[in-house]
Amino acid sequence: KQSIATIPLIRELLKELQAPLISSLLGKLDDLEDVRDAIMATLVDEPPALVRDGGSIRTGVDTEIDELRSISQNAKHRIAEMESAERTRTGIASLKIRYNRVFGYYIEVSKSNLHAVPDDYHRKQTIASGERFITEALKEHEQKALGADERLLEREQLLFDQLRQQVSTEATRMQASAGSLASLDVL
């Protein structure tokens, strides 16, 4: 994108030169605006070096990517909201929602508060200090949050591959302009 954007500037800088070869080379330059615009519309200004690192697709390009980013970025905030709501609903002030790789998300309730656990809590594990539970809402959040990052990377890769395919169809035009630029550079 940045290289293509220099073509009109180079044309402007050299337009005063009268040599036939330079005029011919300038005439062969293609500004490739459509290619530049496609890249600019799809990729962020400073994309990561590797697409698999994520974050290369601009916000607003794809609604699925935007939704997955929102889920991924707001996962901790959503858990805090759920924790607060469950504390209020159950009256258990020490209730905590936690996560570990073995069990995923769970609600931890101390032994002294087990009497206040609602019927919709499903026991997941007994620990020394109390019990760990899961709810349907927490399961749903877990599925969304844990799968969001993976789906986000897959979707970004797909859009990047589509852009790469689109740009590659213009290879002949880009090579012709690159050849003219190279000759102008030598001159």
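Use the structure listed above.
A brief structural summary.

Definitions and limits used
Along each chain, the written sequence defines residue order, and numbers are assigned to residues from 1. Confidence filtering applies because this is a predicted model: local features only for residues at pLDDT of at least 70, side-chain atom pairs given and counted only at 80 or more, and all residues used for totals across whole chains, interfaces and linings. The basis for every side-chain value is the complete set of non-hydrogen atoms in the structure, without hydrogens or water. The rule for a salt bridge is simple: a side-chain nitrogen of Lys or Arg has to be within 4 Å of a carboxyl oxygen of Asp or Glu. By definition, any uninterrupted DSSP run of H or I lasting at least four residues is a helix, any uninterrupted run of E lasting at least two residues is a strand, and each is numbered from the N terminus. Relative accessibility under 20% of the residue-type maximum defines a buried residue, over 50% an exposed one, and the middle range a partly exposed one, all with a 1.4 Å probe and only protein chains included. Think of it this way: DSSP has to see at least two bridges between two strands before they count as a pair. Should any heavy atoms of two residues lie within 4.5 Å, those residues are considered in contact. Angles here are taken between N-to-C directions and fall from 0 to 180 degrees, while the axes themselves are lines fitted to C-alpha atoms, restricted in helices to the stretch in contact. Each angle gets one of four labels, with under 35 degrees taken as roughly parallel, over 145 as roughly antiparallel, 65 to 115 as roughly perpendicular, and the rest as oblique. Throughout, the ten residues Ala, Val, Leu, Ile, Met, Phe, Trp, Tyr, Cys and Pro are labelled nonpolar, Asp, Glu, Lys and Arg are labelled charged, and all others, Gly among them, are labelled polar.

1. Quick notes on the pattern of salt bridges
If you walk through the whole model with that rule in mind, you get 19 salt bridges. With its nearest N and O atoms 2.6 Å apart, the salt bridge here joins Arg155 to Asp62. Residue Arg155 is found in helix α6 (residues 136-168), and its partner Asp62 is found in the loop between α3 (33-42) and α4 (63-73); the two are separated by 93 residues along the sequence. Taking the shortest distance from any N to any O, the salt bridge between Arg123 and Glu131 comes out at 2.7 Å. For Arg123, a relative accessible area of 57% puts it in the exposed group. Given a relative accessible area of 9%, Glu131 falls into the buried group. A single network of salt bridges, built from pairs that share partners, joins Asp30, Asp34, Glu170 and Arg173.

2. Comments concerning the pairing of strand β2 (residues 104-110)
Of all seven residues in β2, six are buried; the element is thus mostly enclosed. Across five bridges, the pairing between strand β1 (residues 96-100) and β2 is antiparallel. Paired with Asn100 across the two strands is Gly104, which belongs to β2. Taking the residues between adjacent antiparallel strands as the criterion, β1 and β2 are bridged by three residues.

3. A look at the environment of Tyr105
Mapped onto the elements, Tyr105 comes out in strand β2. Owing to a relative accessible area of 12%, Tyr105 belongs among the buried residues under this scheme. Here the alpha-carbon distance between Tyr105 and Glu142, two residues 37 residues apart in the chain, equals 6.4 Å. Among residues more than four places away in sequence, those in contact with Tyr105 are Ile79, Ile97, Arg98, Tyr99, Lys124, Ile134, Leu138, His141 and Glu142.

4. Thoughts on the environment of Ile22
Tracing the sequence through the fold places Ile22 in helix α2 (residues 20-28). When the C-alpha atoms of Ile22 and Ser168 are compared, they prove to be 28 Å apart, with 146 residues separating the residues in sequence. Apart from the residues lying within four places of it in its own chain, the contact partners of Ile22 are Leu17, Leu184 and Leu187.

5. Quick look at the packing of α3 against α6
Running from N to C, α3 and α6 cross one another at 175°; their axes reach a closest spacing of 10 Å. Between α3 and α6, the angle falls in the class roughly antiparallel. Contact with α3, carried on its side by Val35, Ala38, Ile39 and Thr42, involves Leu163, Gln166 and Val167 of α6 and no other residues of that element. Per-class residue counts for the contact of α3 with α6 are five nonpolar, two polar and no charged.

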